[in-house]
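As a plain string of letters, each chain reads:
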Amino acid sequence: GLQALDHAEESSGKKPTYAGCEHRKSIENSPEFRGALESYERLKSSINLIDSDSLILTGTGRGFPIVHVSSGWVKMCGWSQDQVLGRSANINQGEGTDVGTVKSMGECLAQKKSCKVRLLNYRADGSVFWNVLSVFPIFENRKAVLFVAQLQDDTYHLSKLVSLRPLQYFSA
């Protein structure tokens with residue numbers, strides 16, 4: 001289904017208060033982050049990553065701490081590697097991001113299952129983009145130790161729906 005788009009919110013020109021690392025809690029000192037970083041360091045040579053693709057790797061624990069982002073992700077989202085390492089993977093979410101879709105995604109990931117979502121996300125500068133996110137667990141010894149997510153900026157395609165706003169969705 002489609003919803004009417006509220007252009008006033010997006011065209012107001014004011015920078016959203018939710019875009020920025022200043023209010024994002026760093027979880028870089030948490031056991032979840034340290035464990036995820038150790039898993040990434042141990043497995044990165046066997047994970048086939050194409051740096052120009054928009055990829056993010058996170059831990060599987062509380063907050064899904066970011067352990068790696070590709071240069072494609074940096075270019076798409078506007079955050080630097082240093083700004084996001086150890087921070088929660090929700091860094092691109094904001095007030096327009098559908099809470100129900102995020103909750104469904106979280107429930108799926110808690111079960112260590114793959115999923116695909118389309119979310120309204122926010123770049124570091126506060127600009128809005130439609131993000132199609134495909135998330136997959138990476139297993140080691142039959143245990144999910146990391147998630148890898150490929151992002152696709154779907155804004156161009158959805159901009160053809162000038163006065164309509166597509167629903168955010170979740171599928172497992």
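Values in this document were obtained by computation on a predicted structure and should not be read as measured data.

Caption draft 1: The arrangement of the confidence of the model for the protein in detail. Residue-level pLDDT values for the protein average 78, and 77% of them are 70 or greater. Here strand S1 (residues 2-4) is the element of the protein with the lowest mean pLDDT, 26, and strand S4 (residues 115-122) is the one with the highest, 94. This stretch, residues 1-24, has a pLDDT under 50; its non-local contacts, to residues over four places away or in other chains, come to 45 contacts.

Caption draft 2: Focus on the layout of surface pockets. If you add up the space inside the largest pocket, you get close to 350 Å³. Lining the largest pocket are 22 residues, and of these Ala89, Asn90, Gln93, Met105 and Leu133 lie nearest its centre. Among the secondary structure elements, those contributing two or more residues to the lining of the largest pocket are strand S2 (55-59), helix H5 (99-110), S4, strand S5 (128-140) and strand S6 (143-153). Here the residues of the lining of the largest pocket sort into 13 nonpolar, nine polar and no charged.

Caption draft 3: Focus on the pattern of salt bridges. Counting across every chain of the model gives three salt bridges. The salt bridge involving Lys103 is made with Glu107; its shortest N-O contact spans 3.9 Å. Here Lys103 pairs with Glu107, and both are found in helix H5, just four residues apart, close to one helical turn. Its relative accessible area of 54% is what places Lys103 among the exposed residues. When the shortest N-O distance is used, the salt bridge between Asp153 and Arg123 registers 2.5 Å. Residue Asp153 is found in strand S6, and its partner Arg123 is found in the loop between S4 and S5; the two are separated by 30 residues along the sequence.

Caption draft 4: Inspection of the pairing of S4 at higher detail. Judged by how many residues are buried, S4 sits mostly within the fold: seven of eight residues are covered. Across eight bridges, the pairing between S4 and S5 is antiparallel. Residue pairing in the sheet places Cys115 in a bridge with Val135 of S5. The antiparallel pairing of S4 with S5 creates a hairpin that spans five residues between the two strands, and Gly126 there sits at a positive phi of about 90°. As judged from the three bridges shared by S4 and strand S8 (residues 169-171), these two strands associate in the antiparallel manner. Bridging across to S8, Arg118 finds its partner in Tyr169.

Rules of the game
Within each chain, residues carry numbers counting from 1 in the order of the written sequence. Only residues with pLDDT of 70 or above have their local features reported here, since the model is predicted, and side-chain atom pairs are shown and tallied only from 80 upward, although totals for entire chains, interfaces and linings are computed over all residues. As a convention, hydrogens and water are excluded, and side-chain values are obtained from all of the structure's heavy atoms. pLDDT measures how confident the predictor is about each residue, on a scale from 0 to 100. Secondary structure elements are defined from DSSP: runs of H or I of at least 4 residues count as helices, runs of E of at least 2 residues count as strands, and each element is numbered from the N terminus. In what follows, a contact means two residues having at least one pair of non-hydrogen atoms within 4.5 Å. Computed over the protein atoms alone on a 1 Å grid, cavities are sets of points where a 1.4 Å probe fits but cannot get out and pockets are open sets with protein on both sides within 12 Å along at least five of seven lines; a residue lines them when it has an atom within 4 Å of a point. Grid points are joined across faces, edges and corners, and a volume is the space filled by probe spheres set on the points. Nonpolar residues are Ala, Val, Leu, Ile, Met, Phe, Trp, Tyr, Cys and Pro. Charged residues are Asp, Glu, Lys and Arg, and all others, Gly as well, are polar. By definition, a salt bridge exists where a carboxyl oxygen of Asp or Glu is found within 4 Å of a side-chain nitrogen of Lys or Arg. Classification of residues uses two cut-offs on accessible area relative to the type maximum, computed with a 1.4 Å probe and protein chains only: under 20% is buried, over 50% is exposed, and between them is partly exposed. Think of it this way: DSSP has to see at least two bridges between two strands before they count as a pair.

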